[in-house]
Amino acid sequence: MTWGNQNTDSEAAAQLNAAWELGVNFLDTAECYPVPVSEEKQGNTDIAIAKWLRTSSWLRDEVVLATKVCGFNERFTWLRGEPTRVTREQVFASVDSSLARLGVDHIDLLQIHWPDRYVPLFGSTRYDMTKERDFVPFVEQARAMGDLIMAGKIRAWGLSNETPHGVSAFVAACAAEGVPLPVSLQNSYSLLQRNDEMGLVETMRAHNIGYLPYSPLSAGVLSGKYRGLTVPPPGSRLELFGGYMERYLSTCGPQAVEAYCELAEVHGLAPAALAIAFCESRPFVTSTIIGATSGVQLEENLSGFGIGWTDELEAGVQAISDTYPDPWRMLVRDGG
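Being a predicted model, the structure only gives us computed values, none of them experimental.

Peer 1: When you look at the sheet that holds strand E3 (residues 107-112) in this model, what are you seeing that I'm missing?
Peer 2: Remark on secondary structure: sheet strands pair via backbone hydrogen bonds, oriented parallel or antiparallel. Strand order in the open sheet made by the six strands is E1-E2-E3-E4-E5-E6, with parallel pairing throughout. Edge positions in the open sheet fall to strand E1 (26-28) and strand E6 (210-214), since each of these has one partner strand only. When strand polarity is set aside, the average angle formed by the axes of neighbouring strands in this sheet is 25°. Direction of pairing for E1 relative to strand E2 (residues 64-69): parallel, over a ladder of three bridges.

Peer 1: Looking at this model, I keep getting lost on the nonpolar core. Mind explaining?
Peer 2: A general trend in soluble globular proteins is that nonpolar side chains are found buried together. One finds Leu27, Trp157, Val221, Leu222 and Tyr260 to be the most contacted residues of the largest nonpolar core, which totals 91 residues. Broken down by element, this core gets its largest block of residues, seven residues, from helix H10 (residues 253-266). For Leu222, the residues in contact, after removing those within four places along its chain, are Ser190, Leu191, Leu192, Pro216, Leu217, Val257, Tyr260, Pro271, Ala272 and Ala275.

Peer 1: So what exactly am I meant to see when it comes to unusual backbone geometry here?
Peer 2: In terms of backbone geometry, most residues other than glycine have negative phi values and most peptide bonds are trans. Geometrically, the link from Tyr33 to Pro34 is a cis peptide bond, its omega value of 15° lying close to zero. Position of Pro34 relative to the elements: it lies in the loop between E1 and helix H2 (44-55). Backbone geometry at Ala219 places phi at a positive 65°, although glycine is not the residue there. Residue class for Ala219 comes out buried when judged on its relative accessible area of 7%. The phi dihedral of Asp326 is positive, around 45°, even though this residue is not glycine.

Rules behind the numbers
- Sequence order as written defines residue numbering, which begins from 1 separately in each chain.
- Local features in this predicted model are restricted to residues whose pLDDT is 70 or higher, and side-chain atom pairs enter the listing and the counts only when it is 80 or higher, whereas totals over whole chains, interfaces and linings include all residues.
- Side-chain calculation: all heavy atoms of the structure are included, whereas hydrogens and water are not.
- Between any two strands, at least two bridges found by DSSP are needed for them to pair.
- Counting from the N terminus, the helices are the DSSP runs of H or I reaching at least four residues and the strands are the DSSP runs of E reaching at least two.
- Each axis is a line fitted through C-alpha atoms, and for a helix only the stretch in contact is used; angles between axes span 0 to 180 degrees, taken between their N-to-C directions.
- Note on terminology: a nonpolar core comprises buried Ala, Val, Leu, Ile, Met, Phe, Trp, Tyr and Cys residues joined through side-chain atoms within 4.5 Å.
- Buried residues are those whose accessible area, probed at 1.4 Å on protein chains only, stays under 20% of the maximum for their type, while exposed residues exceed 50% and partly exposed ones sit between those limits.
- Contacts between residues were defined by any pair of non-hydrogen atoms, one from each residue, lying within 4.5 Å.

As structure tokens, then:
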């Protein structure tokens, strides 16, 4: 989601080739990428991917291509001439535009990027009843997904930034409409943010819905690159989003990160590798989504897969988690 902003198209292609050489086969984008989201650069990530698909040696069926349609947003009027919503009309328009930008005839997985209804997604995790609003009915959203599958434009659909209630409501809507269930749920999950283990995992398992954790490095902080810093490095995620570094430093996130970095070092691992291996070791995780700005970061991230998770690693993580439970919520407005 940095391609087309922090990265050139050629850098994106180099990262993709390196990843596919090592066995990666799942590529996740979104109609609003790159981040930070802006009218000027919207769609650039898809364009970079399209160039790679046209010129690489990999066949289309060797790439599981996923994208996302925006949920409710009053400010993104430049996407479709009105606030983004998960209406049938807007979902179809989003898919048609994504297909054109990506240069493909179908999308393997279409996800609702964030809900159409109010959820406490950015900032506070507390549910505020005064922010409830009318929303597109679950059955209308599910029916649109079913029709897209019937039309051959998508192969499957999923959710993102969802809650146990949202998953259950979509399952019920699918049953009522005769629509295939969502196959996946993509939420932020990491050593620093494990709240999905309480309630959501049970809901997904009950309906055989896969879990795709994104931001396993929690906006990069679990790589250790911000250790000891009070000012973020130029071009880093915590520098691109105003006030992000200050909010991070005001929590116990830095102390938790330091502890996880020390645990990684004891076991001879890069901090990023430990964070990704943790996600891969969770029995409810289907696939972990990584993102890298540089080839070096990509190599370090990929080194976290295939690590044998030991009882010692589990005990170390648990001890830190007990000391710093859910220390920092990384979601940020316009952060993708």
